[in-house]
Amino acid sequence: MQHEETLVEMESVQLGIIGMGDMGKLYARTLSAAGWKNVNVCDMPNKYDQLRQEFEGTGIRVMKDGHLVSRQSDWILYSVPAEFIDTVVATYGPSTKIGAIVAGQTSVKAPEIAAFEKHLPEDVYIITCHSMHGPTVSSRGQPLVIINHRGSQEKLALVERILGCFESEIAHLSYKEHDRITADTQAVTHMAFLSMGTTWKHQDSFPWFDPTYTGGIENVKVNMTMRILSNKWHVYAGLAILNPSAKAQVRQYSLSVAALFKLMIQEKEAEFVARIRAAGEFVFGNRGNREQILLSDNLLDQYSLGSVPKEKRKPNSHLSLLAMVDCWYQLKMNPYSHMVCQTPLFRFWLGISEYLFLNEDYLQDAIQAALYDKEIREDDMEFMMSARGWQECIALGNMEGYRMRFEDTAQFFKNRFGEAAVIGKQMIEMITRKTTTTS
Ligand SMILES: NC(=O)C1=CN([C@@H]2O[C@H](COP(=O)(O)OP(=O)(O)OC[C@H]3O[C@@H](n4cnc5c(N)ncnc54)[C@H](OP(=O)(O)O)[C@@H]3O)[C@@H](O)[C@H]2O)C=CC1
Ligand SMILES: O=C(O)C(=O)Cc1ccc(O)cc1
């Protein structure tokens, strides 16, 4: 497009955002800063005055409700909790301007597409999206999924121009592909970290004081768990419970944890080692020409919430990581093919799994600790029970149960969230730099 035409488009096209939570605000501010002159936004009607004050003088137009945003806007983004997408689209969808493009930011697309198909008029387009990062992370270089579900080439090109200002890596997928891949990159990854959090809580132990969990790749486990627990529960509950592909993947993770744990407590070394080796060969033998993510123990040492000296550290069975690789193997999944929907958390998770499996000494230590170190068994037992608990909660579709488990666990750690957020941000900046230089 010519420069002139771009300016005219930015002056004339009306953009709308329904739901001004963290992601809605990120979108509104980024679009407005990029030069889109008409950004219309709303949240719940009772937040109107507060939002108007917050955005006074920014050029962003705060409206009373989603009817007003929908009537006027040529592109509309629903940025509300996945749990409420059906109700919100049912309310405002019929007011959508003829010929507009409708999108959603929810982290799981099956319910969003179902709501769009059910409640939107036929004469509007559906081209939805998903930024694969949280609101405090720079969008540059992170994946941004675009799903052209019911759109034309011309409308798709407009969407790409609108979203271009995020400088993200665009990935075009169907909504089913999106949900299948994010069940792995998000639902299972979060469940593994949450299970660690629940384990430490049940053990009444802060990992930063425990020689088993300080330094190196343990810092990923601790800081990413704190990061998840300091966020909003509904984001994690929605993307796990409402994703049709997540139940099977989460179930396999829980089964893998249990199967390995049973072999460990019986000290069935040959069977345990054979299973780990087969899983490692399947996942990491198939990396092809891919470069390693290269997360090393030394690199990760600096991001610690604790100060246990290196010589006092104790070996860890890494049951959470062994089970992850076993889960990929049992499901015959190649996690590297999921990088298209990677989040920083997933990259860390795959990076430390890779580090464990590609360093023979490290893997040997973990296998020995898993089979013969009696001290770590109680943590591993708690981890197995925590993973089962999260899995059952997700399988039952229990949003309220999820909220209670999440908030209860978060409460235990809340005094360290401030520090963990600072370190977590530094870690994400580090992995993002590595992503943009290696991919
Ligand atoms: N946070 C993250 O890291 C990411 C989140 N997402 C997804 O983006 C979506 C938004 O997440 P996020 O911004 O973090 O969540 P928030 O809870 O911060 O924002 C959601 C907003 O939607 C509002 N809302 C609810 N119902 C309505 C309605 N009927 N009309 C207008 N507004 C409404 C909520 O109001 P109230 O609080 O009063 O209910 C809230 O302000 C979710 O679906 C999430 O899964 C996607 C990528 C990253
Ligand atoms: O990186 C993660 O997994 C996060 O926790 C942030 C996040 C949450 C929800 C999304 O839909 C995308 C990113």
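Quick look at the structure, then. What you see is a predicted model; the values in this text were computed from it and never measured.

## Some remarks on the overall build of the protein
When helices and strands are counted, the protein shows 19 helices and eight strands. Expected size for 439 residues packed as a compact globule is a radius of gyration near 22 Å; at 23 Å, the protein falls within 12% of this value. For the C-alpha atoms alone, the extent of the protein along its principal axes is close to 70 × 45 × 40 Å. Relative to its full complement of 439 residues, the protein shows a buried share of 57%. Long-range contacts, defined as pairs at least 24 residues apart, comprise 80% of the intrachain contacts of the protein with a sequence gap of at least 6. Summing over all exposed atoms, the protein offers an accessible surface of approximately 18,200 Å²; the carbon and sulfur share of this is 50%. In the protein, 45 positive and 52 negative side-chain charges are present, and the distance between their average locations comes to 2 Å.

## Some thoughts on the site of ligand 2
Within the structure, ligand 2 sits among S107, H130, S131, H133, G134, Q186, H190, V235, Y236, T343 and L345. Residue S107 places a side-chain N or O atom 2.6 Å away from an oxygen atom belonging to ligand 2. Note that an oxygen atom of ligand 2 is positioned 2.9 Å from one of the side-chain N or O atoms of Y236. For ligand 2, the accessible surface in isolation is 330 Å², of which the surrounding protein chains cover 90%.

## Looking at the sheet that holds strand 6 (residues 125–131)
Sheets are built from strands paired through backbone hydrogen bonds, the pairs being either parallel or antiparallel. Spatial strand order, 3-2-1-4-5-6-7-8: eight strands in an open sheet with mixed pairing. Sheet topology places strand 3 (61–62) and strand 8 (169–172) at the edges, where each strand pairs with a single neighbour. The sheet contact formed by strand 1 (residues 14–18) and strand 2 (residues 38–42) spans five bridges and is parallel. Considered in strand 2, the bridge of Q14 is made with N38. Along the sheet, helix 6 (residues 109–119) contacts strand 4 (75–78), strand 5 (101–104), strand 6 and strand 7 (143–150); its crossing angle with strand 6, the most-contacted strand, is approximately 160°. Strand contacts of helix 8 (residues 175–202): strand 6 and strand 7, with the helix running at about 150° to strand 7, the strand carrying the most contacts.

## Re the packing of aromatic side chains
By the definition in use, this model includes 18 aromatic pairs. Geometrically, the ring pair formed by Y236 and F406 is stacked, given 5.9 Å between the ring centres and 15° between the ring planes. Taken together, the residues span a long stretch of sequence, with Y236 in helix 10 (residues 233–241) and F406 in helix 18 (residues 399–413) at a distance of 170 residues. Pairwise contacts between aromatic rings join W200, F206, W208, F209, Y213, F412 and F413 into one cluster. Sitting over the face of the ring of W390, R405 holds its NZ or CZ atom 4.4 Å from the ring centroid.

## Things to note about the pattern of salt bridges
Within this structure, the stated rule accounts for 19 salt bridges. As a salt-bridge pair, E112 and K109 come within 2.9 Å of each other at their nearest N and O atoms. With E112 and K109 both in helix 6, this residue pair falls three residues apart, about one helical turn. Each member of the pair, E112 as well as K109, carries the same accessibility label: buried. R403 is paired through a salt bridge with E400; the nearest N and O atoms lie 2.6 Å apart. Placement of both R403 and E400 in helix 18 is noted, with a separation of three residues, approximately one turn of the helix. Judged by relative accessible area, R403 falls into the partly exposed class, the value being 23%. Residue classification places E400 among the partly exposed residues on the basis of a relative accessible area of 41%. Among the charged side chains, a network of salt bridges with common partners joins K25, R29 and E54.

## A short note on the state of the cysteines
Here is the idea: a disulfide is a covalent bond, and it sits between the sulfur atoms of two cysteines. Within this structure, the stated rule accounts for zero disulfides. Here C165 stays free of any disulfide, with the sulfur of C129 as its closest cysteine sulfur at 11 Å. Classification of C165 by relative accessible area gives partly exposed; the value is 22%. Take C341: it sits in no disulfide, and the sulfur closest to it among the cysteines is that of C129, at 13 Å. By relative accessible area, which is 0% here, C341 ends up buried.

## So, the layout of surface pockets
The computed volume of the largest pocket comes to approximately 1,200 Å³. D22, M23, K232, H234 and V235 are, among the 49 residues lining the largest pocket, the residues nearest its centre. Sorting the residues of the lining of the largest pocket by element identifies helix 2 (22–33), helix 5 (85–92), strand 6, helix 8, helix 9 (218–229), helix 10, helix 15 (344–358) and helix 19 (417–438) as the ones contributing at least two each. Ranked by residues supplied to the lining of the largest pocket, first place goes to helix 10 with five residues. Tallied by class, residues from the lining of the largest pocket come to 22 nonpolar, 21 polar and six charged.

## Here's the deal with helix 18
Under the 1.5 Å per step criterion, the end-to-end length of helix 18 is 22 Å for 15 residues, consistent within 8% with the ideal 21 Å. Turning to helix 18, its buried residues are M399, G401, Y402, F406, T409, A410 and F413. Down the axis, helix 18 shows its buried residues gathered within 165° of arc, on one side only.

Definitions and cut-offs
Residues numbered from 1 in each chain as written. Chains lettered and ligands numbered in written order. Predicted model: local features only at pLDDT ≥ 70, side-chain atom pairs only at ≥ 80, totals over all residues. Heavy atoms only, no water. Helix = DSSP H or I, 4+ residues; strand = E, 2+ residues; numbered from the N terminus. Rg over C-alpha atoms; globule rule 2.2 N^0.38 Å. Buried < 20%, exposed > 50% of the residue type's maximum accessible area, 1.4 Å probe, protein only. Contact = heavy atoms within 4.5 Å. Areas by Shrake-Rupley, 256 points an atom, 1.4 Å probe, with all protein chains shown as cover. Lys, Arg positive; Asp, Glu negative; His and termini not counted. Charge placed at Lys NZ, Arg CZ, Asp CG, Glu CD. Near = heavy atom within 4 Å. Polar contact = N/O pair within 3.5 Å; in protein donor to acceptor, adjacent residues only side chain to side chain. Pairing = 2+ DSSP bridges. Axes fitted to C-alpha atoms, helices over the stretch in contact; angles between N-to-C directions. Phe/Tyr/Trp six-rings, centres within 6.5 Å; stacked < 30°, edge-to-face > 60°. Lys NZ or Arg CZ within 6 Å of the ring centre and 35° of its normal. Salt bridge = Lys/Arg side-chain N within 4 Å of Asp/Glu carboxyl O. Disulfide = S-S within 2.5 Å. 1 Å grid on protein atoms, 1.4 Å probe; cavity = no way out; pocket = protein on both sides within 12 Å on 5 of 7 lines; lining within 4 Å. Points joined across faces, edges and corners; volume = space filled by probe spheres on them. Nonpolar A, V, L, I, M, F, W, Y, C, P; charged D, E, K, R; others polar. Expected span 1.5 Å × (residues − 1). Arc of directions from axis to C-beta.

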